[in-house]
Each structure stands twice: as C-alpha cells, then as structure tokens.
Amino acid sequence: MNFSTTNILYNKKWRKVVYAVCLITLILLTILYFVPFQRRTLWKLGEYMSSKKHFELAEKIVHLDLKGAPPKVAYYKLLFPFLSQLGVTGLLIEYEDMFPYSGIRSKKIPARNAYSMENILTIRRLAKQSNLNVIPLVQVFGHMEFVLKLDDFAMFREVRKYPQMICPTHEVSPEIIVEMVEEIMKAHPDVDRLHIGADEVRYLGECDRCKDYIRSHGINTNELFLLYIHTIITKIRERYPALRILMWDDHFRPMTIEELQKSHIGGMVEPVVWNYHKDVDQRLDVWDKYAEIFPKVWVASAFKGATGPNQIIPDIDHHMENHKSWLKILSSHQDSVGFQGIILTGWQRYDHFSVLCELLPVGIPSLVACLQLLNPKDMINSLNCDSKLENCRFPGSDVYNAVIKYQELKLDLETFLASHRAVGWMDNYNVKIEYSNTYYIEQTSETIDALYDSLLRLKPMVYESMSAVYDNFTINEWCSVLIEPLSLKIKAIMKAKTKLLNVDHWSKRPWIKEDL
C-alpha cells in the first residue's frame, strides 16, 4: 500500500471519528440542556431563593395577553388563586378582540371565539375572590390591528396598507376609542385604573390629513402624539374623573422635558416603562426626566413572549436576568422616582398577525422564577414538584409537559437528521434516485420507528392537555404551526426508509434520464 492510499484511508477513518464525535456531542447537549428543562428551571429557583432582595414593590401585576388565544374561564378558577398565593396583586387584561363589544361600530370587532359578557363577569368575580385587582388594557393608538384590519375601519388607518395605527386627526378616531372604553368600563364598573396602550405608534404623521394638520399648526410628530393622547384622556376623564390612566412610555423617551411640560401630560398619565432585555439598566436613561414630569411611574418586565415571535418554551435565564436588571434600577432610583409597581408582561403574540409564542401554562415556571426575585417568600413549593424537582403539578402543567415532549421529539428528529447515516445515505437525492446502502438504512430503522411512535403518542397528549385550557381554534393553530410540519418530516422519513429498503438492485453510474 503506497503513501497516497494510506493517506486516503487515514482521512476516511478520521472523518468517521469526527462525525461520531459531533453526533455524540449534539446528543449530550440535547440531554443536558433541553430534556431536564423542568429540573433546570427549579434549580434556578433554588439558586435565587436566598438571594438578596434589592427592592420590594407593593404592586405586582401579571399581564394576560388574550389576543387570539383566550384561555377557558375554567382555567382561571385554578390560575387566579395560584397567582394570589405567589404574591400577585392584580391582572392587566388585554382583551383585544376577545371582548364582546356590541356598540354601533364596535360590534364588528369581536373574534368568533370571543368571550361572552357572562364570561367577563365570571372572570371579574374570580379575580375578586383571589384579591386580584383587574386593570383592563384598551389600545387607543398603535397595535390596533384587531380593529383596523376590518374593512369597516380601514378608512381610519394612518397608512392605508398598514392596519397598525389609527389616524389621530380623523374626527371619528376618538369616537371609536371612546365607544370601546365605555363598553370595557361598563363591564368593569369597579376598576380604578385603565391602561390605554399607545406603544409602538408607527407611521405617525404620514397620512395627508396629518401632514396638513402638522403644517397648519406648526407642530412636530411628538406634539401630534401628545395632542391626540391628551384628547383621548380628556374624553375618558369626562366620563370617569377618578380613573387612573396608565400607558406605555416608549414615545415619551425621545421627547424633551419642554415638550412634556407644555402638554401637561405628567398630571394625566402614569407611564409604564417597559423593557425586556437582560441589561435594562444599560439601555434606559429616562429617570431624571420622568422624575421631574411624572409623579407616578410603573415598570414592565417580561416572563414570556419577548425572546422570539415563535418561541415555544420561555428562556428562563433571560427573563430572570431581565428582572434582576430591573431590580437594580428600582433600587438605584427609588428615592427620586415614584415607582408604583411592576407589570410582568406575558405576550401571547408579537402582534395581532403573528403566530403564537409561548402558551400561558408553559410560562408558569418562568413566572414563578421571576416572582421569586420580587418576593421574599419561598415559592418553589408552589409548583408541587417531587423530590427530584420533576413531575410538577401547577395550573396547566399538563400543557407544559406536552410542550416539553414536543420539544424533545423535535430535537430527537434534528439529531437524527444530522447523524452520519442520515446525511450520507438518506439525503433527498438518495431517495429520489432510490440509491442507498441497505445496511445503513436498516441501522436507522429503529430510530425512525421510535420517532414515528413518539409522534403518534404526542398528538393525543397535546389535544387532551390543551383542551382543558384552550378552545379548538387555539389548539388547531398551535398544532398547525408546530405539530404538522414535524409530522410531515417524520412521515416523509418513514416513507423514504420503506422506499429505500424495497430496492434490491441498482443502476450503473452515471445515471441517465430514463433512470431518474
């Protein structure tokens, strides 16, 4: 055997070794990182249970984002007492199109699976029984896709092709908002606070009507924003003079102190300063300005729905770092800023049109971990886990477990597709020309069958667990986005395996058109 032949064999040998090492590493990472997700979550809880509390807040509000995925009312019977035990003091409920609007204009807004008024009354009653104060959220400016997407409201868009923002200078815009607010307030007569949203108002001042208004009044877009908010709040206060108004703060950040003072906005709203990054303390520099303008200020963190529009399981480390960063800010500025409380947001979609991100029950362990940072009481037992910190039982834990199983199957599939035999002998090209090594296909058979069996077990597990929390519309959407693509891939692999194993003779290379 000459040197070149030896070198070739040597390279082939080491190529196999490299493939094997990569595959083993991938499998180990999967086992170490994803499989024991519940245990890792609870270890994190234990790690922070004894950590120093930097700042104690009187109000801890949990955000319920209902857009397109409303939990069944029966789930709230379990969830609300659970939240109360965790030290939560209130709920920020963002109904969007899940509220049963019935006004002259608003009656066209509700989704087909919106709550009934009886459901709303039950939600209020359940919240009161758990000593949770309800704060409704009604978007009045941006993120109004649930209204402006409809043809009946298209004329009120700031930009015709974008249904996110309502035109602030259209004379009918305030009428639409006031009608919605009146219905929300009628259904919640005992609330003392209302959140009016007003975040991420894009395309401001772009329609011809707004351009003419800006030009004729000699103002800029910041002033146009403040004028519209002033108009809306004034109309709300005329009807509900004692109502405290909260709103997201992002459009106040670039404004000057002079603009804010001139508008008198400081005495009208309580800004909610939101940021979901791990280093909030490095990103926000608004505290001196806000301390001068606003007597009352809130902050908003995230326990889910902030690390990716299609995130399946919360990145608990990220969310805990987000809360730790907020605690630094609260501690540093507590003497100068009138902090009222914190809102732990849990977004269900990034906007009205996006797919679902982490489901509410899947976010519960992350919520508990974040609340642990804000509360001196021991919360680890609230998840009702066994001695190994597994098999936890909390409201919606069956949904959580089903999603974990989905994630495990998805990773098992990805591991198989990256394996030595799959990339070398089950490529689409192998399948297309029916040309592969039967020995290697047989070696993958057990793994492929196991993937298919796991898929068959997963589907009923998902439907059974989710049906206790969600309606079929939500379940079908989640399965369409996540289960169906996985199912198609696994079934295609099964079909490919069968196809390749049925071949017992192969054509000579190179292939001609008649062979393909």
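Scroll up for the structure.
Residues numbered from 1 in each chain as written. Predicted model: local features only at pLDDT ≥ 70, side-chain atom pairs only at ≥ 80, totals over all residues. Heavy atoms only, no water.

### Remarks on the pairing of strand 9 (residues 297-304)
Within a regular beta strand, the side chains point alternately toward one face of the sheet and then the other, so they alternate between its two faces. This is how the line gets drawn: Only protein chains enter the accessibility calculation, which uses a 1.4 Å probe. A residue is then buried if its area is under 20% of the maximum for its type, exposed if over 50%, and partly exposed in between. Strands are runs of DSSP state E lasting at least two residues, helices are runs of H or I lasting at least four, and both sets are numbered from the N terminus onward. By this definition, two strands are paired if DSSP reports at least two bridges between them. Assignment of crossover handedness uses the view with strands pointing away from the viewer, where a clockwise path from the first strand over the helix to the second indicates a right-handed crossover.
For strand 9, a buried count of eight out of eight residues is recorded, marking the element as mostly surrounded by other parts of the structure. Here strand 8 (residues 270-274) pairs with strand 9 via three bridges, running parallel. Its bridge partner lying in strand 9, Val273 is registered against Val299. Here seven bridges tie strand 9 to strand 10 (residues 339-346), and the two strands are oriented parallel to one another. In the sheet register, Ala302 faces strand 10, and the bridge partner there is Thr345. In this fold, the crossover linking strand 9 to strand 10 by way of helix 12 (residues 316-333) has right-handed handedness.

### Observations concerning a negative patch on the surface
Where we set the bar: Patch construction takes residues with relative accessible area above 30% that form no salt bridge. Like charges are linked within 9 Å, and nonpolar side chains (Val, Leu, Ile, Met, Phe, Trp, Tyr) are linked within 5 Å. Note on areas: Shrake-Rupley, 1.4 Å probe, and residue coverage restricted to the protein chains presented here. What counts as a salt bridge is simple: a side-chain nitrogen of Lys or Arg found within 4 Å of a carboxyl oxygen of Asp or Glu. We score Asp and Glu as negative and Lys and Arg as positive, and we do not count His or the chain ends. Where a charge lies is defined by one atom per residue type, namely NZ (Lys), CZ (Arg), CG (Asp) and CD (Glu).
Judged by side-chain charge, Glu258, Asp285, Asp288 and Glu292 come together as a negatively charged surface patch. You can see Asp285 is positioned in the loop between helix 10 (280-283) and helix 11 (287-293).

### Regarding the pattern of salt bridges
As enumerated under the stated definition, the model contains 22 salt bridges in all. Residue Glu434 pairs with Lys499 through a salt bridge whose shortest N-O separation is 3.8 Å. Taken together, the residues span a long stretch of sequence, with Glu434 in the loop between helix 16 (428-433) and helix 17 (438-466) and Lys499 in helix 18 (residues 472-501) at a distance of 65 residues. Asp449 is the partner of Lys497 in a salt bridge, and the nearest nitrogen-oxygen pair spans 2.8 Å. Here the residue Lys497 occupies a position in helix 18, and Asp449 occupies one in helix 17, the gap between them amounting to 48 residues. By relative accessible area, Lys497 is classed as buried at 8%. What you see here is one network of salt bridges that share partners, running through Glu59, Asp192 and Arg193.

### So, the packing of helix 3 (residues 73-85) against helix 4 (residues 117-129)
Quick reminder of the rule: Convention adopted: a line fitted to C-alpha atoms gives each axis, helices being fitted over their contacting stretch, and angles between N-to-C directions are expressed from 0 to 180 degrees. Any angle that falls under 35 degrees is termed roughly parallel, while one over 145 is termed roughly antiparallel, one within 65 to 115 roughly perpendicular, and all others oblique. Here, residues are in contact when the closest pair of their heavy atoms is within 4.5 Å. Classification convention: Asp, Glu, Lys, Arg as charged; Ala, Val, Leu, Ile, Met, Phe, Trp, Tyr, Cys, Pro as nonpolar; all other residues, Gly among them, as polar.
Running from amino to carboxyl end, helix 3 crosses helix 4 at an angle of 10°, the nearest separation of the two axes being 10 Å. As far as their axial angle goes, helix 4 and helix 3 are roughly parallel. Residues Val73, Tyr76, Lys77 and Phe80 of helix 3 pack against Asn119, Thr122, Ile123, Leu126 and Ala127 of helix 4. In terms of residue class, the contact of helix 3 with helix 4 is made up of six nonpolar, two polar and one charged.

### Side note on the nonpolar core
As a reminder of what qualifies: Working definition of a nonpolar core: buried Ala, Val, Leu, Ile, Met, Phe, Trp, Tyr and Cys residues. They are joined through side-chain atoms within 4.5 Å.
Counting residues in each nonpolar core, the largest one holds 146 residues, and the members touching the most others are Phe141, Phe225, Phe252, Trp287 and Trp478. Among the elements that line this core, the one with the most residues is helix 18, at eleven residues. Those residues in contact with Phe252 that sit more than four places away from it in its chain are Phe225, Leu226, Met247, Leu260, Ile265, Val269, Pro271, Lys289, Tyr290 and Phe294. Core analysis: the second largest hydrophobic core is formed by 14 residues, Ile135, Ala300, Ala302 and Ile343 among them.

### Considerations on unusual backbone geometry
Going from Arg509 to Pro510, the amide bond is cis rather than trans, its omega being -15°. Tracing the backbone through its elements, the reader meets Pro510 in the segment after helix 18. Of note in this structure, His264 is not a glycine but carries a positive phi near 60°. Structurally, His264 is set in the loop between helix 9 (257-263) and strand 8.

### Some thoughts on helix 4
For clarity, the cut-off: Under the convention used throughout, the expected extent of a helix is 1.5 Å for every residue step, that is, one less than its residue count. Throughout, the arc means the angular range of directions from the helix axis out to the C-beta atoms.
Over its 13 residues, helix 4 runs 18 Å from end to end, which matches the ideal 18 Å to within 8%, given 1.5 Å per residue. Taken together, the buried positions of helix 4 are occupied by Ile120, Thr122, Ile123, Leu126 and Ala127. An end-on view of helix 4 places all buried positions within 160° of arc, on one side of the element. Opposite its buried face, helix 4 presents the exposed residues Glu118, Lys128 and Gln129, each directed more than 90 degrees away. The inward-facing, buried residues of helix 4 contact helix 3, strand 2 (90-94), strand 3 (133-137) and helix 6 (173-187).

### Regarding the environment of Leu137
Within the fold, Leu137 resides in strand 3. Leu137 sits in the buried class, given a relative accessible area of 4%. Along the sequence, Leu137 and Leu194 sit 57 residues apart, while their C-alpha atoms lie 6.2 Å from each other. Ignoring sequence-local partners within four residues, the contact set of Leu137 consists of Leu92, Ile93, Glu94, Tyr95, His195, Gly197 and Trp248.

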